[in-house]
Amino acid sequence: MPLPIRDLYTFFVVARTGAMQSAAQELGVTPGAISQRIRSI
């Protein structure tokens, strides 16, 4: 099953920034949304 690009990019941003809070700020979403995207992978 292929990963949605949005979720893969979210994972990349979290790995690059090292924190869900920083990734959420960069992506313009809440930290909860980041958690849900990562959980769906």
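Naming follows an unreviewed UniProt entry, where the chain appears as LysR family transcriptional regulator of Ruegeria aquimaris.

1. Side note on the packing of helix α1 (residues 5-17) against helix α3 (residues 31-39)
Between α1 and α3, the least distance of the axes is 9 Å, while the angle of their chain directions is 115°. For the crossing formed where α1 meets α3, the hand is left-handed. Seen from α1, the contacting residues are Arg 6, Asp 7, Thr 10, Phe 11 and Val 14; seen from α3, they are Ile 34, Arg 37 and Ile 38. Taken together, the residues of the contact of α1 with α3 sort by class into 4 nonpolar, 1 polar and 3 charged.

2. Some thoughts on a nonpolar patch on the surface
Taken together, the side chains of Leu 3, Leu 8, Phe 11 and Ile 41 make up a nonpolar region of the molecular surface, amounting to roughly 370 Å² of accessible area. Residue placement: Phe 11 occurs in helix α1.

3. Topic: the environment of Leu 3
With respect to the helices, strands and loops of the structure, Leu 3 is situated in the segment before α1. Residues Leu 3 and Ile 41 lie 38 residues apart in sequence; the distance between their C-alpha atoms is 6.9 Å. In this structure Leu 3 touches Leu 8 and Ile 41, once residues within four positions along its chain are discounted.

Quick notes on the rules
Residues numbered from 1 in each chain as written. Predicted model: local features only at pLDDT ≥ 70, side-chain atom pairs only at ≥ 80, totals over all residues. Heavy atoms only, no water. Axes fitted to C-alpha atoms, helices over the stretch in contact; angles between N-to-C directions. Helix = DSSP H or I, 4+ residues; strand = E, 2+ residues; numbered from the N terminus. Left-handed = near helix turned anticlockwise from the far one by under 90°. Contact = heavy atoms within 4.5 Å. Nonpolar A, V, L, I, M, F, W, Y, C, P; charged D, E, K, R; others polar. Patch = residues over 30% accessible without salt bridge, like charges linked within 9 Å, V, L, I, M, F, W, Y side chains within 5 Å. Areas by Shrake-Rupley, 256 points an atom, 1.4 Å probe, with all protein chains shown as cover. Salt bridge = Lys/Arg side-chain N within 4 Å of Asp/Glu carboxyl O.

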